[in-house]
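Listed here are the chains, written in short residue letters.
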Amino acid sequence: MVQYDKFLYYRSIPEFKEYILIDQTKYYVMQYVKTAENQWILTEYETEDAMINLSSINVELSLKKLYKKINFSENLE
C-alpha cells in the first residue's frame, strides 16, 4: 500500500485527527491536521530548529530532538 493510499484509509476513521510523515534523509516533516470542518491542513517543517506541535497528543518538540540520533551523512549513497 502506498503512502497516499494509507492516508486515504486513515482519513476514513472519524477519530483520526493528525497524520505525520517523517523524512529519513533530511530535516523534513509533513503534518496533516484535521479541522472541525473535516478538512486537512498541511504544514511542512524543514529546519532543525522548527517546532512541531502534535495537538492530538498535546506534545511540542523540535525537529532537532526528533532527529537526535540520525546521522544524515550515513544516508548518502
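Let me sum up the structure you'll find in this document. (Residues numbered from 1 in each chain as written. Predicted model: local features only at pLDDT ≥ 70, side-chain atom pairs only at ≥ 80, totals over all residues. Heavy atoms only, no water.)

A closer look at the sheet that holds strand β2 (residues 29–34)
Strand order in this open sheet of three strands is β1-β2-β3, and the pairing throughout is antiparallel. In the strand order of this sheet, the two ends are held by β1 (18–22) and β3 (40–45), each with one partner. Averaged over neighbouring strand pairs, the angle between their axes works out to 15 degrees when direction is ignored. Of the strand pairs in this sheet, β1 and β2 are connected by five bridges, and their pairing is antiparallel. (Pairing = 2+ DSSP bridges. Helix = DSSP H or I, 4+ residues; strand = E, 2+ residues; numbered from the N terminus. Axes fitted to C-alpha atoms, helices over the stretch in contact; angles between N-to-C directions.)

Remarks on the pairing of strand β4 (residues 51–54)
By the alternation rule, side chains of β4 split into Ile 52 and Leu 54, which are all buried, and Met 51 and Asn 53, of which none is buried. Note that β4 and strand β5 (residues 59–62) share four bridges and pair antiparallel. Among the inter-strand pairings, Asn 53 is bridged to a residue of β5, identified as Glu 60. Where β4 folds back onto β5 in an antiparallel hairpin, the turn is made up of four residues, including Asn 58, whose phi is positive at roughly 55 degrees. (Buried < 20%, exposed > 50% of the residue type's maximum accessible area, 1.4 Å probe, protein only.)

Some thoughts on the packing of aromatic side chains
Any pair of aromatic rings gets described here by the distance separating the centres and the angle formed by the planes. Scanning all chains against the criterion turns up ten aromatic pairs. Between Phe 7 and Trp 40, the ring centres sit 5.2 Å apart and the planes meet at 75 degrees, which makes this aromatic pair edge-to-face. Taken together, the residues Phe 7 in helix α1 (residues 3–11) and Trp 40 in strand β3 connect sequence positions 33 residues apart. Consider the rings of Phe 16 and Trp 40, whose centres lie 6.0 Å apart with planes at 40 degrees: the pair is tilted. Pair noted here: Phe 16 is in the loop between α1 and β1 and Trp 40 is in strand β3, with a separation of 24 residues, a long-range link. (Phe/Tyr/Trp six-rings, centres within 6.5 Å; stacked < 30°, edge-to-face > 60°.)

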